[in-house]
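Structural overview for review
Each chain is listed here by its residues.
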Amino acid sequence: MTENDHKDDLLRYLQDAREALVWKLDGLSEYDVRRPLTGTGTNLLGVVKHLTGVELGYLCDTFGRPHDEPLPDFKDGTDPNADMFAAADESRELIVERYRRAWALADATVRELPLDTAGTVPWWPAERAAITLHHALVRTLSDTQRHAGHADVLREGLDGAVGYRQDNDSLPSHDPAWWEEFRGRLERIARQAGPDAP
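The following paragraphs examine the structure supplied in this document. (Residues numbered from 1 in each chain as written. Predicted model: local features only at pLDDT ≥ 70, side-chain atom pairs only at ≥ 80, totals over all residues. Heavy atoms only, no water.)

Take the overall build of the chain next. The helix and strand inventory of the chain stands at six helices and two strands. The secondary structure elements of the chain, listed N-terminal to C-terminal, are α-α-α-α-β-β-α-α. Principal axes of the C-alpha set define a box for the chain whose edges measure 55 × 45 × 35 Å. Counting only residues that meet the buried cut, the chain has 39% of its 198 residues in that class. Across the chain, every contact between residues at least 6 apart in sequence was considered, and the portion connecting residues at least 24 apart equals 72%. Carbon and sulfur atoms make up 54% of the accessible area of the chain, which amounts to about 11400 Å² in all. (Helix = DSSP H or I, 4+ residues; strand = E, 2+ residues; numbered from the N terminus. Buried < 20%, exposed > 50% of the residue type's maximum accessible area, 1.4 Å probe, protein only. Contact = heavy atoms within 4.5 Å. Areas by Shrake-Rupley, 256 points an atom, 1.4 Å probe, with all protein chains shown as cover.)

Here the focus is the packing of aromatic side chains. One pass over the structure, following the stated rule, counts six aromatic pairs. Aromatic side chains Tyr-58 and Trp-123 sit 5.0 Å apart centroid to centroid with 65° between the ring planes, which places their arrangement in the edge-to-face category. Note that Tyr-58 is positioned in helix H3 (residues 44-59) and Trp-123 in the loop between strand E1 (118-120) and strand E2 (130-132), a separation of 65 residues in sequence. Taken together, a centroid distance of 5.9 Å and an interplanar angle of 65° make the contact between Tyr-58 and Trp-124 edge-to-face. Here Tyr-58, found in helix H3, pairs with Trp-124, found in the loop between E1 and E2; they are 66 residues apart in sequence, far enough to count as distant. Given a relative accessible area of 14%, Trp-124 falls into the buried group. Here a set of aromatic residues connected by ring pairs shows up, and it is made of Tyr-58, Trp-123 and Trp-124. Across the ring face of Trp-124, the terminal group of Arg-128 is positioned such that the distance to the ring centre comes to 5.3 Å. (Phe/Tyr/Trp six-rings, centres within 6.5 Å; stacked < 30°, edge-to-face > 60°. Lys NZ or Arg CZ within 6 Å of the ring centre and 35° of its normal.)

With that settled, consider the layout of surface pockets. Considered as a void within the structure, the second largest pocket measures approximately 250 Å³ in volume. Of the residues assigned to the lining of the second largest pocket, the class counts are four nonpolar, four polar and three charged. (1 Å grid on protein atoms, 1.4 Å probe; cavity = no way out; pocket = protein on both sides within 12 Å on 5 of 7 lines; lining within 4 Å. Points joined across faces, edges and corners; volume = space filled by probe spheres on them. Nonpolar A, V, L, I, M, F, W, Y, C, P; charged D, E, K, R; others polar.)

Once that is clear, we can look at the environment of Thr-144. Within the secondary structure layout, Thr-144 lies in helix H5 (residues 133-159). For Thr-144, a relative accessible area of 0% translates into the label buried. Between the C-alpha atoms of Thr-144 and Ala-17, which are 127 residues apart in sequence, the distance is 6.2 Å. When neighbours within four sequence positions are excluded, Thr-144 is seen to be in contact with Leu-14, Ala-17, Arg-18, Leu-21, Leu-51, Glu-55 and Tyr-99. In terms of polar contacts, Thr-144 uses its side chain to reach the backbone carbonyl oxygen of Thr-140, at 2.7 Å. (Polar contact = N/O pair within 3.5 Å; in protein donor to acceptor, adjacent residues only side chain to side chain.)

Between its first and last C-alpha atoms helix H4 (residues 92-112) spans 30 Å; for 21 residues at 1.5 Å apiece the expected length is 30 Å, and the two agree. Among the residues of H4, those classed as buried are Arg-92, Ile-95, Val-96, Arg-98, Tyr-99, Ala-102, Trp-103, Ala-106, Thr-109 and Val-110. The buried residues of H4 occupy one face: seen down the axis, they fall within an arc of 155°. Seen from the buried face of H4, the exposed residues on the opposite side, beyond 90 degrees, are Glu-93 and Glu-112. (Expected span 1.5 Å × (residues − 1). Arc of directions from axis to C-beta.)

Turning our eyes to something else, we now look at H3. An α-helical turn contains 3.6 residues, so any two residues separated by three or four positions project in the same direction. With 16 residues, H3 should reach 22 Å at 1.5 Å per residue; the first-to-last C-alpha distance of 22 Å fits that figure. Within H3, 15 of the 16 residues are buried, leaving the element largely enclosed by the surrounding structure.

Our focus in this paragraph is the packing of H3 against H5. Describing two packed helices takes the angle between their axes plus the distance from one axis to the other. Closest axis-to-axis distance for the H3/H5 pair is 10 Å, and the angle between their directions is 175°. If you check the angle between H3 and H5, you find them roughly antiparallel. Where H3 abuts H5, its residues Leu-44, Val-47, His-50, Leu-51, Val-54, Glu-55, Tyr-58 and Leu-59 lie against Leu-133, Ala-136, Leu-137, Arg-139, Thr-140, Asp-143, Thr-144, His-147, Ala-151, Leu-154 and Leu-158. Taken together, the residues that form the contact of H3 with H5 break down as 12 nonpolar, four polar and three charged. (Axes fitted to C-alpha atoms, helices over the stretch in contact; angles between N-to-C directions. Parallel < 35°, antiparallel > 145°, perpendicular 65-115°, else oblique.)

Geometric values such as these leave the question of function open.
Following this line, the structure appears as structure tokens:
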């Protein structure tokens, strides 16, 4: 395999996760894409905003690649979680468009530079800030896939929509009765295995 083949593989899986994340917003109200769904405030639109910064940070800033996208500057007293939620004046369309622009900029970095290109992560301690493009790309892919999983669980909790893509949910059944029986079976197993079950 050539270096371009390796890049194609990594970018394909990154793009799959990107598209899955954006799809998780489809059909939801403004309230539902923004509302905190975990004890730490995780919300669907905030995940997309966060990953915009991940892509621009690791695949642009780290390699001296310019962009004009606004990112929180955590050194100036900004809310330490400012990248994890969309402000009331940041529309869903704005957040998604920024994310798509970040994809294009990040992909250009990957396409134009060798995977062994050295960069410096600006927000890491100096003694460990050196990183290769390959490492930065794998890190971005890993972070994006992780958050795509979060988004999948959050969306299922909101309205039951599941799956990696709208046209491929990868589920063994679409019958609600099948799922009710399956959940019941898992509950029985958990109670049998766990003496601490309520």
